[in-house]
Amino acid sequence: MRFGIVVTDPDDWTARAIRDGLSKLGAESAFLNFSQLAARIGPDLRLRGNGTDLLGLDGLVVRDLGRTGSHDIAFRFEALSALQALGLPIVNPPSAIQRAANKFATSIALHKAEIPHPRTLVTTSFEAASEFVSDHGRAVSKPLFGYKGRGLALLTPDDPAPLREALAKSGVVYLQEFLESAALSPRDIRVFVVGGRVAGAIYRVAPPGSWISNLSQGGAPERCPLTGEIEDLALRANGAVGTVYSGVDLIETVEGLKVLEVNGTPSGLGVYLAWGIDAGEMIAAHILERLG
Ligand SMILES: Nc1ncnc2c1ncn2[C@@H]1O[C@H](COP(=O)(O)OP(=O)(O)O)[C@@H](O)[C@H]1O
Ligand SMILES: [Mg+2]
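Keep in mind that what you see is a predicted model, and the values were worked out from it rather than measured.

Focus: the packing of helix H1 (residues 13–24) against helix H9 (residues 279–291)
Close contact between H1 and H9 brings their axes to 7 Å; oriented N to C, the two are set at 50°. By the angle between their directions, the pair H1 and H9 is classed as oblique. As H1 packs across H9, the resulting crossing turns out to be right-handed. Contact residues: Trp-13, Ala-17, Ile-18, Gly-21, Leu-22 and Lys-24 in H1; Ala-279, Gly-280, Glu-281, Ile-283, Ala-284 and Leu-288 in H9. Tallied by class, the residues present in the contact of H1 with H9 amount to eight nonpolar, two polar and two charged.

This is the structure in structure tokens:
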């Protein structure tokens with residue numbers, strides 16, 4: 001069998017772990033960078049990535065779709081959907097990748113599944129956004145298609161400038177009540193789910209003076225023992241978004257755990273560093289079990 005692994009950085013730990021996992025189980029794979037994607041329409045429909053005919057593959061594993069401009073993300077999503085419609089198996093399913101990438105869509109999916117989630121407002125209106133910040137005292141603003149803890153801001157009613165800036169930049173703001181971590185220092189819990197099972201969980205402890213705990217923002221991975229509540233919430237959130245593998249971010253509050261978001265293209269490095277658990281190998285085994 002021959003798979004494509006969609007990834008931007010050829011040194012990415014997770015992409016390499018998936019490739020090595022597939023190889024150990026006897027399946028070939030090649031990295032494809034979606035910055036080298038071409039769809040030709042007419043006389044037939046052809047989709048090529050890095051010069052490879054994508055429909056000639058046995059499946060695609062999406063680790064990281066990448067993006068460079070403001071329009072190409074829609075093209076990359078649409079290309080995945082077209083490939084799936086033409087019969088190519090894709091993990092995660094394109095619809096789940098899109099739902100996870102769009103924080104508004106994720107919030108709706110979590111709400112429908114009655115999963116505890118911070119109070120959230122998504123709006124194009126400055127007045128509605130200001131009212132939300134005043135009601136909650138403090139609110140977190142996140143880019144609608146944000147990732148890696150980038151572009152987050154803590155908003156307070158006395159300083160409307162960052163809110164104005166965020167709204168002017170994107171035309172829409174995604175705001176959430178700021179949840180004080182019930183732990184001694186701000187941290188969240190990242191749960192790695194593969195094929196309907198929890199592979200492992202880590203605390204991500206925010207660096208001193210920060211409340212943003214992503215590893216790429218200086219957060220430190222530490223072992224987080226699994227509890228029934230962690231497993232149950234992570235599996236339900238994964239199911240609500242429709243991912244086959246995911247990273248579910250939880251925050252510990254005085255009212256219990258809440259799900260912040262579900263990542264449809266998560267890094268497995270933190271769980272590996274803390275526990276030695278190879279999520280890439282588990283993803284490879286799961287894919288071959290489904291398709292082999
Ligand atoms: N509502 C919130 N209250 C407190 N901290 C938050 C909140 N939302 C996010 N954070 C912190 O910011 C980090 C990044 O937020 P997240 O929603 O996971 O976006 P990203 O897609 O950028 O990872 C979280 O891991 C957490 O540490
Ligand atoms: Mg996150």
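That covers the picture; the talk isn't over yet.
Some words on the site of ligand 1
Ligand 1 sits among 22 residues. The nearest are Lys-103, Lys-142, Gly-149, Asp-188 and Ser-213. In the environment of ligand 1, an oxygen atom lies 3.4 Å from a nitrogen or oxygen atom belonging to the side chain of Arg-204. For ligand 1, an oxygen atom lies 3.3 Å from a polar atom in the backbone of Trp-211. Look at ligand 1: alone it shows 550 Å² of surface, and the protein chains cover 98% of it. Of all the elements in the fold, those that place two or more residues in the shell around ligand 1 are strand E9 (139–142), strand E11 (173–177), strand E15 (245–253) and strand E16 (256–263).

Digging into the coordination of the magnesium ion (ligand 2)
Bound to the magnesium ion (ligand 2) on the protein side are Asp-249 (OD) and Glu-261 (OE), at distances that span 2.0 to 2.1 Å. On the criterion of sequence distance, the pair formed by Asp-249 in strand E15 and Glu-261 in strand E16 is long-range, its members being 12 residues apart. Accessibility classification places Asp-249 together with Glu-261 in one group, the buried group.

The rules behind the values
Residues numbered from 1 in each chain as written. Chains lettered and ligands numbered in written order. Predicted model: local features only at pLDDT ≥ 70, side-chain atom pairs only at ≥ 80, totals over all residues. Heavy atoms only, no water. Axes fitted to C-alpha atoms, helices over the stretch in contact; angles between N-to-C directions. Helix = DSSP H or I, 4+ residues; strand = E, 2+ residues; numbered from the N terminus. Parallel < 35°, antiparallel > 145°, perpendicular 65-115°, else oblique. Left-handed = near helix turned anticlockwise from the far one by under 90°. Contact = heavy atoms within 4.5 Å. Nonpolar A, V, L, I, M, F, W, Y, C, P; charged D, E, K, R; others polar. Near = heavy atom within 4 Å. Polar contact = N/O pair within 3.5 Å; in protein donor to acceptor, adjacent residues only side chain to side chain. Areas by Shrake-Rupley, 256 points an atom, 1.4 Å probe, with all protein chains shown as cover. Donors = N, O, S within 2.8 Å, 3.2 Å for Na, K, Ca; no water. Buried < 20%, exposed > 50% of the residue type's maximum accessible area, 1.4 Å probe, protein only.

Without other data, these values stay purely geometric and don't point to any function.
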